[in-house]
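One-letter residues, chain by chain:
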Amino acid sequence: MPIEINGRLIKNPIGLGAGIDKDGFLTPRIVRTGIGFITIGSVTLKPRTGNPKPRIIKYPGLKAMVNAMGLPSRGFLDFLVRLPGLVKEARKLGVYVIVSLAGFSIGEFLYMLDRIRVYDIDAVELNISSPTYHGSWLTDRKYLGDLLRLIEYFPKALFVKLPLGADMDFYRWIVDIANKRGYGLTIANTLPIRESRISVGYGGLSGYPIYPLVKALISKARKWGFGDLIIGLGGVMYGWQILDLMRNGANLVGVVTAFGFEGPFAFGRLFRELSMEVGERH
Ligand SMILES: Cc1cc2nc3c(=O)[nH]c(=O)nc-3n(C[C@H](O)[C@H](O)[C@H](O)COP(=O)(O)O)c2cc1C
């Protein structure tokens, strides 16, 4: 299923969402699995150790997990040293490269965007929706609005990663801004919930249970007239869901939790299931 994204031909619309390969160490191996795109990160400006363990609880029966990793990262400057090598590996295999940045202030985001723009990546995803932020980007709409205005100069594709569990008013507002400014959307991040077994007492739910929310939000954005790229991400565990999300308006479809359970084999299984699905329909 080759597709064109921002003028680049990609071998298929399936890829890895943010969170698995936070510092890019796995990128050279993951790009060999046949995926069309990879999201590296989230990378933070300063090195962070993240939250104390336990910070992931798996619910295998539900095909779900809760995590509160707390954005651990070796930091942006360390990442930049390795980035050219990572891009080279991805380019050899024609994989679209997205770097997810997580900033704790407008200044941090602007600094990282300014430094990364000269690298040969395809896009940056702005993580403004991780539960680690404790809602800070989401509660101060004026501040988030300023960020989204100030980054317009960025010369490469930008994706804004939306949260789950926000109110409709917020979604309409941010979809409208992204539409006006020509940003893509990544729909969506995890759903914030309480989980007492996690060290900090809360986390983000991912995996199969969030799928209906993600699908509904993608179709809402399209119904509201959103015309740019959408990465559908959340709860995709089976091949049929890839087609389902694309029919509802996604251009690219990512997985994270499926990879968390199965590792790179998840992609081989999804490709097989998808080709059976496509074969049955033709
Ligand atoms: C262990 C783990 C770590 C994650 N880390 C990040 C991250 O660093 N940045 C980010 O934007 N999203 C992160 N996410 C959210 C995923 O990118 C994705 O939006 C969410 O898990 C829904 O997709 P899924 O159901 O396929 O997992 C993480 C998710 C998990 C499970």
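These numbers come from a predicted model, not from an experiment.

So, about the packing of aromatic side chains. The full count for this structure, using the stated rule, is 10 aromatic pairs. Where phenylalanine 76 meets tyrosine 111, the ring centres are 6.4 Å apart and the plane angle is 70°; that geometry is what we call edge-to-face. You can see phenylalanine 76 sitting in helix α2 (residues 76-92) and its partner tyrosine 111 sitting in helix α3 (residues 106-116), a full 35 residues away along the chain. Between phenylalanine 170 and tryptophan 173, the aromatic rings sit 5.9 Å apart at their centres with planes inclined by 45°, giving tilted as the arrangement. Taken together, the positions of phenylalanine 170 and tryptophan 173, both in helix α6 (residues 168-181) and three residues apart, correspond to about one turn of that helix. Judged by relative accessible area, phenylalanine 170 falls into the buried class, the value being 4%. Following the ring pairs from residue to residue traces out a cluster consisting of Phe104, Phe109, Tyr133, Trp137 and Tyr143.

Looking now at the environment of lysine 215. Of note, lysine 215 is situated in helix α7 (residues 211-223). On the basis of relative accessible area, lysine 215 is assigned to the partly exposed category, the value being 27%. Once residues within four sequence positions are removed from consideration, lysine 215 is found in contact with Asp244, Leu245 and Asn248.

What follows deals with the UniProt feature "domain: Dihydroorotate dehydrogenase catalytic" (unreviewed entry) in the protein. When the UniProt feature table is mapped onto this chain numbering, "domain: Dihydroorotate dehydrogenase catalytic" (unreviewed entry) sits at residues 5-275. Helix makes up 37% of residues 5-275 and strand 23%. Its end C-alpha atoms lie 21 Å apart.

Let us look at α7. Given a rise of 1.5 Å per residue, 13 residues ought to cover 18 Å, and the 18 Å separating the end C-alpha atoms of α7 matches this to within 8%. Burial in α7 covers these residues: Tyr211, Val214, Leu217, Ile218, Ser219 and Ala221. Taken together, the buried residues of α7 touch α6, β10 (184-187), β12 (202-207), β13 (230-233) and α8 (239-247). Following α7 by one or two positions, glycine 225 adopts a phi angle in the positive range, close to 95°.

Criteria and thresholds
Residues numbered from 1 in each chain as written. Predicted model: local features only at pLDDT ≥ 70, side-chain atom pairs only at ≥ 80, totals over all residues. Heavy atoms only, no water. Phe/Tyr/Trp six-rings, centres within 6.5 Å; stacked < 30°, edge-to-face > 60°. Helix = DSSP H or I, 4+ residues; strand = E, 2+ residues; numbered from the N terminus. Buried < 20%, exposed > 50% of the residue type's maximum accessible area, 1.4 Å probe, protein only. Contact = heavy atoms within 4.5 Å. UniProt positions renumbered as here; feature names shortened; annotations may be inferred. Expected span 1.5 Å × (residues − 1).

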